[in-house]
Amino acid sequence: MLSSGSLRGELSFALPQGAAQGLAQFFLGEAQDATADFKPDYREAIEELMRQVAGHAATAMKPRWGEVQLRVETGPPPTWSPGASGWLNSIPGAPSRLCMEWKLSVA
């Protein structure tokens, strides 16, 4: 995700394929099936979900940082060294397990 406007930099998210598939199936209203093939529709669903999250995040940041544009791009892992990183995990007992790595650029 690229940020411009009053905040500039890059934020990278990485989802294991199994987590991405489960999240995409949930987003598309499909039954959870870990044995299903990973379809192009799943990638598109994850991209759309991330665009929606970026839109909500930009709106939430506006009162503090002003106009922020967040752009979602898919691609290979970043080549830059992160200034901060961590994991986002679902709570124990959640209906679906989510585990997502994030890395924030130094910029």
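See the structure shown above.
Every value quoted in this text rests on a predicted model; they were computed, and no experiment measured them.

Enquirer: Even after reading the chapter, I still don't get the layout of surface pockets, so can you show me in this structure?
Expert: It is a probe the size of a water molecule, rolled over the atoms, that shows where empty space is left. Taken as a whole, the largest pocket holds about 770 Å³ of empty space. Taken together, 25 residues make up the lining of the largest pocket; nearest its centre are Phe 13, Ala 14, Glu 73, Thr 74 and Gly 75. At the level of secondary structure, the elements contributing two or more residues to the lining of the largest pocket comprise strand 2 (9-14), helix 1 (17-27) and helix 2 (40-65). Grouping the amino acids of the lining of the largest pocket by side-chain chemistry returns 16 nonpolar, five polar and four charged.

Enquirer: Hey, could you run me through the side chain of Gln 25 in this one?
Expert: Note that Gln 25 resides in helix 1. Those residues within four positions of Gln 25 in sequence are excluded, and the remaining contacts are Glu 30, Ala 31, Gln 32, Asp 33, Ala 36 and Tyr 42.

Enquirer: What am I meant to see in the pattern of salt bridges here?
Expert: Opposite charge on two side chains allows them to pair when their charged atoms are near. Applying the stated criterion across every chain, the model contains five salt bridges. With a shortest N-O distance of 3.2 Å, Glu 47 and Arg 43 are connected by a salt bridge. Taken together, the positions of Glu 47 and Arg 43, both in helix 2 and four residues apart, correspond to about one turn of that helix. A relative accessible area of 17% places Glu 47 in the buried class. Residue classification places Arg 43 among the partly exposed residues on the basis of a relative accessible area of 44%.

Parameters at a glance
- Residues numbered from 1 in each chain as written.
- Predicted model: local features only at pLDDT ≥ 70, side-chain atom pairs only at ≥ 80, totals over all residues.
- Heavy atoms only, no water.
- 1 Å grid on protein atoms, 1.4 Å probe; cavity = no way out; pocket = protein on both sides within 12 Å on 5 of 7 lines; lining within 4 Å.
- Points joined across faces, edges and corners; volume = space filled by probe spheres on them.
- Helix = DSSP H or I, 4+ residues; strand = E, 2+ residues; numbered from the N terminus.
- Nonpolar A, V, L, I, M, F, W, Y, C, P; charged D, E, K, R; others polar.
- Contact = heavy atoms within 4.5 Å.
- Salt bridge = Lys/Arg side-chain N within 4 Å of Asp/Glu carboxyl O.
- Buried < 20%, exposed > 50% of the residue type's maximum accessible area, 1.4 Å probe, protein only.

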